[in-house]
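# Examination of the molecular architecture
Now for the letters of each chain:
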Amino acid sequence: MLILVAERTHRTNTGYKTAILQNEVGAKENRNKYLRYQVEQLESLSNIEPKAEQELDLYLPEPSKVVILEEIN
Amino acid sequence: MILKGRAKFCGLIAILTAFIIAGRLFYLQTIKHEELTKITDNRVFRTISQEVLRGNFLDRNGRILAESIRSYSIAVSKKYVNDKEKTFDVLSIALKDVNKKKLKKLWKDKGNFFYVKKNVMPDEYEILKYAINKQKITGIEISPMYTRLRPYDDMAIDLLGYTNSKNMGLSGLELYYNDKLIRKTKKKRVAKSRRGNIIYDASIEKKEPTLNIYLTLDADMQYYAEKILNKYVDKNQADGGVLIVQDSKTAEVLALASNPRKNGQAMAFQWTYEPGSTFKAITFAAALDTNTIKITDSIQCEETGKWEVTPDVFIRDVHKAEHGYLTVPEVLSDSSNIGSGKIALKMDTKDFYDYIKAFGFGIKTAISFPAEPNGILRNWRKWYKIDKATLAFGHGISVTPIQLVTAYTALANGGILMQPYIVEKITNHKGRVIKKNKPTKIRKVIDSSTADLMKILLVKVVEGGTGTEAKVQGYSTAGKTGTSEKFLQGKYSETHHTVSFAGFVPVEKPKYTILVILDNPKTTTYASQSASPAFREMASAILNMKSVPQDEKVF
């Protein structure tokens, strides 16, 4: 009888711990997703181009000012 | 003796009791087993629904265009607040856009329960949760919800569309692919304590994987497409416009921009317009392919600048030119309506109709987008002479931008009409490809030799005709301008126009087919001054960005 009660208690405690850990994992995954979203935002051209133009004075060159060489393997 | 009798009696009672207990146990554990287990399970176990986060939209390079994350709504339940001042402090510090003044007002104006902020992001939530535990305050209610995030704000929103707060797609691709993105609600069987806390997951039903949709769009090209279109719409004071970039080999849509940008309403797929002179390329391709004309032929384009097709019905050249005889390439490069009309009249009517159909006009492209129209192409049996002549320069026909750009891609692609598509692949949450769209040939519309001739003609338009403003330095460029009068209140308007430029670069090995349309520009009625420079700017940006080697001398 005592063994049964002990097993039951242990099972309940483990269940609580698992549920807490699952919630934490979910929260971390969610936070990770949000961070990735923020990285994506920062990397977007709509964020970078105005900064390049205004802060660094860098502009997309005219095609006539660029010579693109074909890569030969 | 008496004792012996009593002992016997007691023994009998004990045995009987044991038998009764054993019988009861047998009854409960064997006969009533299932029923009782069900009662216990119903008390302890609960089946709870767990929302599966909506799938993502990504561009062709795996950059997120739209994703769902768990967010939170924060509310206050007044009667459970143990320390009002501390609660206000915590909320105003942890949550952006929330201050004490606002909280005091809400506290005063609202009832017992009021929302402080919805769509709270995980970073704010974590600070709030920490502060609540640290300060030991009660009365702040946090409930999870879902927020659809777009890292590029409203970029491609006309294509992607919107979802509601219940995670359902309302418009655009969000609506079209709703069943793929939302899947079924995941169900879990969990054990709950008396207080309702989940103790452990008893079993988890087979998880429905969330699917992610990779589009053929390139986020960087899309950025330039929207930026350039908006610039030219503003500059020409147009009512709106469309810009599409398509891969010239596969007909994948690489970028598409609409102005105005309405969520879930992609003008590129849903808007219909009269294509005007951009349609001449289709007429010429049909005429050359049927040997109705040869590239060396000359056409009388009327020195008066007008041609009486049927009594009292005239066709005029828009550019007011008094041409006389023009060679076939000149008819196209000078965009002569008269010359084009005459070429169309030379063709067999059914042949002309069949070619238009074969180029994909008058029928949906089936590009997987809601509410795509067919466009309008009347049956050839109902055409009068004037209908056939005006159709030659894109009047009396209504097309969608995607139909036109796909037809130009066929010209660039050796005469092969490809199936345009916007979804590259669908993957599950582990990245395994569930479905992949591959370039699909619909039909060969014209012979490759005709397509080569068309390239020569369209290059001439850009080199010395109406499309010179579309020329991209260092790259051979082919294309055609188009200006059409808008059909308003039952007649063609002389004041409202649609101007466009359709073309492809580089000509030898075409990579990009681009269509720019400006709806009703006020500053000019000529595509050469409005749509052509927009084409050049877009082509320059993407050729540069994708490091496509020049095929002409730059210096």
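In this report, we go over the structure that sits alongside the text. Just so we're clear, the structure is a prediction, and the values are computed from it rather than from any experiment. (Residues numbered from 1 in each chain as written. Chains lettered and ligands numbered in written order. Predicted model: local features only at pLDDT ≥ 70, side-chain atom pairs only at ≥ 80, totals over all residues. Heavy atoms only, no water.)

### Re the packing of aromatic side chains
Aromatic rings in a pair are described by how distant their centres are and how their planes are angled relative to each other. Residue and element names in this part refer to chain B. Within the structure shown, the criterion is met by 14 aromatic pairs over all chains. Between Phe279 and Phe361, the ring centres sit 5.2 Å apart and the planes meet at 65°, which makes this aromatic pair edge-to-face. Residue Phe279 is located in the loop between helix 10 (267–270) and helix 11 (280–289), and its partner Phe361 is located in the loop between helix 14 (349–358) and helix 15 (385–391); the two are separated by 82 residues in the primary sequence. On the accessibility criterion, Phe361 (0% relative accessible area) is buried. Sitting over the ring of Phe314, Lys306 keeps its end group 4.9 Å from the ring centre. (Phe/Tyr/Trp six-rings, centres within 6.5 Å; stacked < 30°, edge-to-face > 60°. Helix = DSSP H or I, 4+ residues; strand = E, 2+ residues; numbered from the N terminus. Buried < 20%, exposed > 50% of the residue type's maximum accessible area, 1.4 Å probe, protein only. Lys NZ or Arg CZ within 6 Å of the ring centre and 35° of its normal.)

### Comments concerning unusual backbone geometry
Residue and element names in this part refer to chain B. Going from Asn259 to Pro260, the amide bond is cis rather than trans, its omega being 0°. By secondary structure assignment, the location of Pro260 is in the loop between strand 10 (253–259) and helix 10. In the Ramachandran plot, Ala251 falls in the positive-phi region, its phi being about 70° despite a non-glycine side chain. Positionally, Ala251 belongs in the loop between strand 9 (240–247) and strand 10. Overall, the relative accessible area of 0% leaves Ala251 in the buried class. For Ser368, which is not glycine, the phi torsion reads 60° and is therefore positive. Here Ser368 shows up in the loop between helix 14 and helix 15.

### As for helix 18 (residues 531–545) of chain B
Residues and elements named next belong to chain B. A rise of 1.5 Å per residue sets the reference length of helix 18, with its 15 residues, at 21 Å; its end C-alpha atoms lie 21 Å apart and thus fit the reference within 8%. The buried fraction of helix 18 amounts to 12 of the 15 residues, a majority that puts the element mostly inside the structure. Listing the buried residues of helix 18 in full gives Ala531, Ser532, Pro533, Ala534, Phe535, Met538, Ala539, Ser540, Ala541, Ile542, Leu543 and Asn544. Once helix 18 finishes, Ser547 follows within two positions and takes phi at roughly 50°, a positive value. (Expected span 1.5 Å × (residues − 1).)

### A look at the side chain of Thr283 of chain B
Inspection of the secondary structure assignment puts Thr283 of chain B in helix 11. Discounting chain neighbours no more than four positions away, the residues touching Thr283 of chain B are Ser340, Ala344, Met347, Phe352, Leu391 and Ala392 of chain B. (Contact = heavy atoms within 4.5 Å.)

### Quick look at the sheet that holds strand 21 (residues 512–519) of chain B
Residues and elements named next belong to chain B. Strand order in this open sheet of 5 strands is 10-9-21-20-19, and the pairing throughout is antiparallel. One side of each edge strand has no neighbouring strand; the edge strands of this open sheet are strand 10 and strand 19 (478–488). Strand-to-strand twist in this sheet, taken as the mean axis angle between neighbours without regard to direction, amounts to 10°. Note: strand 19 against strand 20 (residues 491–505), 10 bridges, orientation antiparallel. Residue pairing in the sheet places Glu485 in a bridge with His497 of strand 20. Sheet contacts for helix 18: strand 9, strand 19, strand 20 and strand 21; angle to strand 21, the most-contacted strand, approximately 145°. (Pairing = 2+ DSSP bridges. Axes fitted to C-alpha atoms, helices over the stretch in contact; angles between N-to-C directions.)

### Things to note about the packing of helix 11 of chain B against helix 17 (residues 448–464) of chain B
Residue and element names in this part refer to chain B. Here helix 11 crosses helix 17 at 140°, and the two axes come no closer than 10 Å. With respect to helix 17, the axis of helix 11 lies oblique. In the packing of helix 11 onto helix 17, the handedness of the crossing is right-handed. Residues Ala281, Phe284, Ala285, Leu288 and Asp289 of helix 11 form the contact with helix 17, whose own contacting residues are Thr450, Leu453, Met454, Leu457 and Leu458. (Parallel < 35°, antiparallel > 145°, perpendicular 65-115°, else oblique. Left-handed = near helix turned anticlockwise from the far one by under 90°.)

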